[in-house]
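# Descriptive structure summary
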Amino acid sequence: KYIRAYITRVEMGGIFGTIVLLVDVTYNVKAEKMRQEFTANVSHELKTPLTTIKGFGEMFGSGMITKEEDVAKYGAMIERESERLLFLINDIIRLSEIEEHTEMLNTPVALEAAAKNALQILEPQIQRNKIHVRLEGDCLLLHSNEGYIRELFINLIDNAIKYNNPEGTVTITIQHLGTQAKIVIADNGIGIPLQAQSRIFERFYRVDKSRSKQRGGTGLGLSIVKHIVDCHNGTISLRSELGHGTEITILLPAK
Ligand code: ADP
């Protein structure tokens, strides 16, 4: 705990005393620490691809790269790093928008249709990795925000594809359980080691930087999902076994 003490000397009718006020500032200190960490992470994450782009740009400019195959190779690297930068900036903007709660949760959203929409957007990745997709859905309308729900599905299904094996399976289940909507996204992919499981919802946390970079992640997907779940007063939980797969369960209040 962080405690701040305020001390004032007082005098009333000839009696002298001291007032000591102790304030619990743990929340403020933690928030400030998180903000500093976030800024440091953002700067680092932005600098890495920019340094690569700048380096190759300079090499092109000075005429060092002349062979046709090198032009293609380094050109593709510039393109890949620029794309990573764009994804990252998009995710950072999205995260801060969601944190500010600017959007209303007052539109009826059909969960199954939102999942199908996300699958359509991810179709190229599904095809490329030969992923088998199963969608089992109850017809369920949720008072929410269409963009948020689409984003939630896209991020989770994208991970279930990215961290899967070729020809793996992704199962999406949507159930209406009394006053709750239960969404489960399961894969039989590479799984998450036990020691990382409590941290994967943190901003920029990646289990293994190299596997994530190779698969094109920003480390922000799950923290965006967690924020979306939080602003619905819902819960998100995880079950995963290394080498066997991952299952993410979300419960959202539904009338
Ligand atoms: P990223 O953009 O790196 O995918 P996320 O916030 O979406 O970031 O996920 C954080 C980390 O959690 C990832 O880097 C990855 O290592 C791990 N992870 C997320 N989803 C899965 C999954 N379905 N299977 C295995 N690992 C996962």
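Analysis parameters
- Residues numbered from 1 in each chain as written.
- Predicted model: local features only at pLDDT ≥ 70, side-chain atom pairs only at ≥ 80, totals over all residues.
- Heavy atoms only, no water.
- Helix = DSSP H or I, 4+ residues; strand = E, 2+ residues; numbered from the N terminus.
- Expected span 1.5 Å × (residues − 1).
- Buried < 20%, exposed > 50% of the residue type's maximum accessible area, 1.4 Å probe, protein only.
- Axes fitted to C-alpha atoms, helices over the stretch in contact; angles between N-to-C directions.
- Parallel < 35°, antiparallel > 145°, perpendicular 65-115°, else oblique.
- Left-handed = near helix turned anticlockwise from the far one by under 90°.
- Contact = heavy atoms within 4.5 Å.
- Nonpolar A, V, L, I, M, F, W, Y, C, P; charged D, E, K, R; others polar.
- Salt bridge = Lys/Arg side-chain N within 4 Å of Asp/Glu carboxyl O.

## Description of helix 1 (residues 26-61)
Counted at 1.5 Å a residue, the expected span for helix 1 with its 36 residues is 52 Å, and the 52 Å between its end C-alpha atoms agrees. Of the residues making up helix 1, those classed as buried are Thr26, Phe38, Val42, Glu45, Pro49, Ile53 and Phe56. Among the residues trailing helix 1, Gly63 stands out with phi positive, at a value near 75°.

## As for unusual backbone geometry
At Lys130, a position not held by glycine, the phi torsion is positive, near 50°. Position of Lys130 among the secondary structure elements: in the loop between helix 4 (123-128) and strand 4 (132-137). Given the relative accessible area of 55%, Lys130 is considered exposed. Positive phi, close to 60°, is recorded for Asn233, a residue that is not glycine. Look at Asn233 and you get exposed, because its relative accessible area is 67%.

## Focus: the packing of helix 2 (residues 68-99) against helix 7 (residues 221-231)
The contact between helix 2 and helix 7 brings their axes to 10 Å, and the two run at 15°. Considered as vectors, helix 2 and helix 7 are oriented roughly parallel to each other. Like other packed secondary-structure pairs, helix 2 and helix 7 cross with a definite hand, here left-handed. On helix 7, the residues that touch Asp91, Arg94, Leu95, Ile98 and Glu99 of helix 2 are Gly221, Ser223, Ile224, His227 and Ile228. Tallied by class, residues from the contact of helix 2 with helix 7 come to four nonpolar, three polar and three charged.

## Here's the deal with the pattern of salt bridges
Considering all chains together, one arrives at 14 salt bridges under this definition. Two residues, Glu99 and Arg203, come together in a salt bridge whose shortest N-O distance is 2.2 Å. Of this pair, Glu99 sits in helix 2 while Arg203 sits in the loop between strand 7 (180-187) and helix 6 (209-214), and the two are 104 residues apart along the sequence. For Asp158, the salt bridge identified is with Lys162, shortest N-O distance 3.8 Å. Of this pair, Asp158 and Lys162 both sit in helix 5 (residues 146-162), separated by four residues, roughly a single helical turn. Lys162 carries the same exposure label as Asp158, and that label is buried. Linked by salt bridges that have partners in common, Arg80, Glu81 and Arg84 make up one network.

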